[in-house]
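# Coordinate analysis (summary)
Below, each chain spelled out in residue letters.
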Amino acid sequence: MKLLFQNSLYAFHLLNEKQTILSFDWADKTKEMTYEDFQAACNNFAGFAWQYQSKHLLVNTCNFHFQLPSEFTVWREEQLNPRYYQLGVLKFAYITKSEFLPYMKDIPAENGKFETRNFISKQEALECV
């Protein structure tokens, strides 16, 4: 595992250089961040995905405490996800707390879009990438 970037809100790691699995770990301080901080973090992660040509992405949301605004979904679909589609990302895995898992939706890969899966442990997520 190689640390690529870290600040008080999040850290990015290259977990496996052979498969170029990139991980995004949110820190507890997300309670204090702004929507602009959130967007910058997501854009930075996409930039590292491009830099390392990562097709398997892992996001740990267990320490994520920021309340996303309603406009997030539109921004994600119009601004962020097209970068991942163009890169050819295959799988996006989210690690969440077990109490949130029933509310998370797994999305199959289709029409050039990546598969999205939700897990409660890093090990479980890594077994599926």
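Now for a look at the structure at hand. (Residues numbered from 1 in each chain as written. Predicted model: local features only at pLDDT ≥ 70, side-chain atom pairs only at ≥ 80, totals over all residues. Heavy atoms only, no water.)

What follows covers the overall build of the protein. The number of helices and strands found in the protein is three helices and six strands. Across the protein, helices and strands are ordered from the amino to the carboxyl terminus as β-β-β-α-β-α-β-β-α. For 129 residues, the compact-globule estimate of 2.2 N^0.38 gives 14 Å, and the C-alpha radius of gyration of the protein, at 14 Å, lies within 12% of that figure. With 129 residues in all, the protein has 39% of them scored as buried. Contacts spanning at least 24 positions in sequence make up 63% of the contacts within the protein whose residues lie at least 6 apart. Approximately 7400 Å² of the protein is accessible, and the part contributed by carbon and sulfur atoms is 50%. Averaging the locations of the 13 positively and 15 negatively charged side chains of the protein gives two centres separated by 5 Å. (Helix = DSSP H or I, 4+ residues; strand = E, 2+ residues; numbered from the N terminus. Rg over C-alpha atoms; globule rule 2.2 N^0.38 Å. Buried < 20%, exposed > 50% of the residue type's maximum accessible area, 1.4 Å probe, protein only. Contact = heavy atoms within 4.5 Å. Areas by Shrake-Rupley, 256 points an atom, 1.4 Å probe, with all protein chains shown as cover. Lys, Arg positive; Asp, Glu negative; His and termini not counted. Charge placed at Lys NZ, Arg CZ, Asp CG, Glu CD.)

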